[in-house]
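# Observations on the three-dimensional arrangement
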Amino acid sequence: MSEEGGTISADGVTIEKSLDRDQFKTPAITFDIRSSRDEQVTVRITDHIPEGIPIEDVGFHPEYGGDRWSIEDHDITFDRRLDPGEEYETIYGVRDVDEDDIEALLDQSPSLEVGDPE
């Protein structure tokens, strides 16, 4: 992914990963999620936090799906059901991050899993 992040798609769902330095107190990685499907779908996004970033410096905003994120080791995972044609934005912020760490976060593509609603 480039410094602006990047876009990945799977099974009618597209996510765009980017950096927002202005809207929040800390640099935030944003995920704009769009479903072009005609039925409900579940999405799971997993992003790896590089080892140089302490996992306790990663935080989730309550107004942007913060309760839908989970942490396991240095992987963070977002799970949510999307309605047909729905768009949703979620973010995570990272405190005390330097430019090399930001580039490392943006250079990797998250994984995207799409499934039927449970």
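Each chain has its residues counted from 1, following the order in which its sequence is written. Local features in a predicted model are, by the rule used here, given only for residues with pLDDT of at least 70; side-chain atom pairs are given and counted only at 80 or more, and totals for whole chains, interfaces and linings are based on all residues. Just so you know, side-chain values use all the structure's heavy atoms and leave hydrogens and water out.

### Things to note about helix α1 (residues 99-107)
Here is the rule we go by: When a residue's accessible area, from a 1.4 Å probe over protein chains only, is under 20% of the maximum for its type it is buried; when over 50% it is exposed; and in between it is partly exposed. The numbering of helices and of strands both runs from the N terminus, where a helix is a DSSP run of H or I of at least 4 residues and a strand a run of E of at least 2. In this description, the arc belongs to the directions extending from the helix axis to the C-beta atoms. What qualifies as a polar contact is a pair of N or O atoms within 3.5 Å, subject to a donor-acceptor requirement within protein and to the restriction that residues adjacent in sequence count only when both atoms come from side chains.
All buried positions along α1 are accounted for by D101, I102, L105 and L106. In a view along the axis of α1, the buried residues occupy a sector of 135°, so they form one face of it. Two or three places before D100, at the opening of α1, D98 has a side-chain oxygen 3.2 Å from that residue's backbone nitrogen.

### Thoughts on the sheet that holds strand β5 (residues 58-60)
How we decide: Pairs of strands are assigned from DSSP output, requiring at least two bridges between the strands. Note on geometry: axes are lines fitted to C-alpha atoms, helical ones only across the stretch in contact, with angles between N-to-C directions running from 0 to 180 degrees.
Pairing is antiparallel in the open sheet, where five strands are placed in the order β1-β2-β3-β8-β5. Looking along the sheet, the strands with just one partner apiece sit at the ends: β1 (6-10) and β5. Pairwise comparison of adjacent strand axes, ignoring direction, gives a mean angle of 20° for this sheet. Pairing analysis gives five bridges linking β1 to strand β2 (residues 13-20), with the strands arranged antiparallel. Its bridge partner lying in β2, S9 is registered against T14.

### Concerning the environment of V97
The topology assignment puts V97 in the loop between β8 (87-94) and α1. It is 7.4 Å that separates the C-alpha atoms of V97 and I53, two residues lying 44 residues apart in sequence.

### Remarks on the packing of aromatic side chains
Heads up, the condition is: Only rings of Phe, Tyr and Trp enter the pairing, Trp through its six-membered ring, and a pair is recorded when the two centres are within 6.5 Å. The plane angle decides the type: under 30 degrees is stacked, over 60 is edge-to-face, the rest tilted.
Taken as a whole, this structure holds seven aromatic pairs when the rule is applied. Consider the rings of F24 and Y64, whose centres lie 5.5 Å apart with planes at 90°: the pair is edge-to-face. Taken together, the positions of F24 in the loop between β2 and β3 (28-35) and Y64 in the loop between β5 and β6 (69-72) put the pair 40 residues apart, joining distant regions of the chain. Exposure remark for F24: the relative accessible area of 17% places this residue in the buried category. Look at Y64 and you get buried, because its relative accessible area is 16%. Ring centres of W69 and F78 lie 5.3 Å apart, and the angle between their planes is 50°; this geometry places the pair in the tilted category. We note that W69, like F78, is buried. Feature note: the residues F31, F60, W69, F78, Y88 and Y92 constitute an aromatic cluster, connected by ring pairs.

### With respect to unusual backbone geometry
Despite not being glycine, D11 shows a phi value in the positive range, around 50°. Along the polypeptide, D11 turns up in the loop between β1 and β2.

### Describing the pairing of strand β7 (residues 75-82)
Note that strand β4 (residues 41-48) and β7 share eight bridges and pair antiparallel. Bridge pairing in β7 links V41 to L82. Taking the residues that link successive antiparallel strands as the turn, the β6-β7 hairpin has two residues, and the phi of D73 there is positive, at about 55°.

### Observations regarding the sheet that holds strand β9 (residues 111-115)
As summarised here, the arrangement of the four strands in space is β6-β7-β4-β9, forming an open sheet in which the pairing is antiparallel. Sheet topology places β6 and β9 at the edges, where each strand pairs with a single neighbour. Sheet twist, expressed as the average angle between the axes of neighbouring strands with direction ignored, equals 20°.

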